[in-house]
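Here are the chains, one letter per residue:
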Amino acid sequence: MEFHAALQLHMRRHGDSAWHLHKAIAKPRDAFDRRTILAWARGENLPANVDSLEMLRRIEHRYRLPAGYFQAKLQGRKRSVSGHRRLPDISASERRRMAWHLPTDFDRRPEEERNEILDWVRRVIITGTTDYRRYQAAMCKQRFSVQFTGLDNTKARRRRPASEGATGFVTPVEAPAQLRQEMADLMGFKTATLTAIGFQRQGQWGEETASQKLEHLGLMLGALTATPDSEVRGYGIALENLTLGLLVFPAVWDWYLRWRERRRGFFTNWEVDMLRTALALTRKDTGWVRQTPRLAEMLNPIEGLVSAEDIAETRADWNAACDRLHSFATARA
């Protein structure tokens with residue numbers, strides 16, 4: 001039985017609504033939204049951070065279930081667990097890489113044991129010598145993302161002039177003003193305590209999640225703008241033609257998914273999470289892209305990917321375009 005079905009079953013057995021269950025397990029200082037339980041029960045979302053797993057533990061206790069009952073239901077859909085508070089002062093990107101390999105009760109373990117775990121992960125996983133680790137190390141040298149300096153408290157990185165690198169050398173590029181404003185609007189929408197009047201939202205991004213989404217979308221945009229004859233072998237879209245409006249086109253996502261498969265040789269949960277981001281952004285009523293039809297005005301034709309006819313159709317019915325992308329992302333995920 002899948003996680004959401006198991007949660008529904010036990011809520012019914014105990015006569016709990018999401019409201020009653022939330023009231024029973026949440027403490028006054030917990031930043032835990034009742035709608036999260038609804039999303040879990042509907043299969044729209046999964047527990048993915050330390051605080052969520054703590055709530056699962058409390059639900060298990062309330063329903064007198066074996067410890068780890070619900071977490072066992074999540075094993076087939078493995079995701080990294082975020083929100084560890086007892087990590088040293090490390091960068092957000094390293095924190096996310098480490099999170100895949102930390103036990104869910106990491107924060108509750110003694111300091112000596114936590115240090116031993118971190119040392120093992122760094123020694124065996126991060127700097128190990130497996131074939132896949134060597135592949136990762138090589139790929140990390142190809143810095144091709146579109147950056148949004150300052151949106152996640154980052155600083156601009158020093159970039160080498162192209163003449164210092166080999167032919168086709170690619171460096172990160174800073175987002176142009178229009179794209180940067182679009183991303184700032186998205187980040188503001190997903191991180192603000194309250195949304196702007198006229199907008200609806202399901203779920204709020206914490207600082208770590210926002211940083212992750214910013215990085216992942218920057219990588220996607222970087223792949224789209226990198227030239228085909230570079231080591232990245234991107235699509236070659238002109239930087240000034242990049243817009244978050246491109247995210248409504250299945251052809252754009254299809255190219256990116258195939259590009260990642262060619263680059264790595266197989267798919268991982270990373271691609272699934274990206275598709276879930278696409279689903280969230282285009283969800284009816286609460287998706288930011290869905291509620292931002294002005295993005296269509298930023299679109300320009302891209303040979304082989306987005307035609308003038310595609311753009312005209314999208315501008316004529318933005319909701320239908322979002323529906324098409326939502327169906328595509330559901331099937332691909």
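No experiment lies behind these values; they were computed from the predicted model shown.

J.: Even after reading the chapter, I still don't get the pattern of salt bridges, so can you show me in this structure?
T.: Should the charged atoms of two oppositely charged side chains come close, the side chains can pair. In this structure the tally under the stated criterion is 15 salt bridges. Put simply, Glu174 and Arg180 hold a salt bridge, and the shortest N to O gap is 3.9 Å. For Arg180, a relative accessible area of 29% translates into the label partly exposed. Across the salt bridge formed by Asp273 and Arg276, the nearest N and O atoms sit 3.4 Å from each other. Note that Asp273 and Arg276 are positioned in helix H12 (residues 269–281) at a spacing of 3 residues, about one turn of the helix.

J.: It is not clear to me how the packing of aromatic side chains should be interpreted in this structure. Could you clarify?
T.: One pair of aromatic rings is described through two measures. These are the centre distance and the angle between the planes. All told, the structure shown has 9 aromatic pairs when counted by the stated rule. Between the aromatic rings of Tyr235 and Trp255, the centroid separation amounts to 5.6 Å while the plane-to-plane angle is 90°, which identifies the pairing as edge-to-face. Of this pair, Tyr235 sits in the loop between helix H10 (207–225) and helix H11 (250–264) while Trp255 sits in helix H11, placing them 20 residues apart in sequence. Relative to Trp259, the ring of Tyr256 has its centre 5.7 Å away and its plane inclined at 15°; by these criteria the two rings are stacked. Here the residue Tyr256 and the residue Trp259 both occupy positions in helix H11, the gap between them amounting to 3 residues, near one helical turn. Joined through ring pairs, the aromatic side chains of Phe3, Phe32, Trp40, Tyr69 and Phe70 make up one cluster. Positioned above the aromatic ring of Trp270, the side-chain terminus of Arg260 is 3.8 Å from the ring centre. Lying over the aromatic face of Phe266, Arg264 brings its terminal NZ or CZ to 5.7 Å of the ring centre.

J.: Mind showing me how you'd approach unusual backbone geometry here?
T.: Trans is the prevailing form of peptide bonds, just as negative phi is the prevailing case for residues other than glycine. Unusually for a residue other than glycine, Arg233 sits at a positive phi of about 60°. Looking at where Arg233 falls in the secondary structure, it is placed in the loop between H10 and H11. You will see that Asp285, though not glycine, has its phi angle at about 75°, which is positive. Tracing the sequence through the fold places Asp285 in the loop between H12 and helix H13 (308–316). By relative accessible area, Asp285 is classed as exposed at 52%.

The rules we used
- Residues numbered from 1 in each chain as written.
- Predicted model: local features only at pLDDT ≥ 70, side-chain atom pairs only at ≥ 80, totals over all residues.
- Heavy atoms only, no water.
- Salt bridge = Lys/Arg side-chain N within 4 Å of Asp/Glu carboxyl O.
- Buried < 20%, exposed > 50% of the residue type's maximum accessible area, 1.4 Å probe, protein only.
- Helix = DSSP H or I, 4+ residues; strand = E, 2+ residues; numbered from the N terminus.
- Phe/Tyr/Trp six-rings, centres within 6.5 Å; stacked < 30°, edge-to-face > 60°.
- Lys NZ or Arg CZ within 6 Å of the ring centre and 35° of its normal.

The values reported here are purely geometric and, on their own, carry no functional implication.
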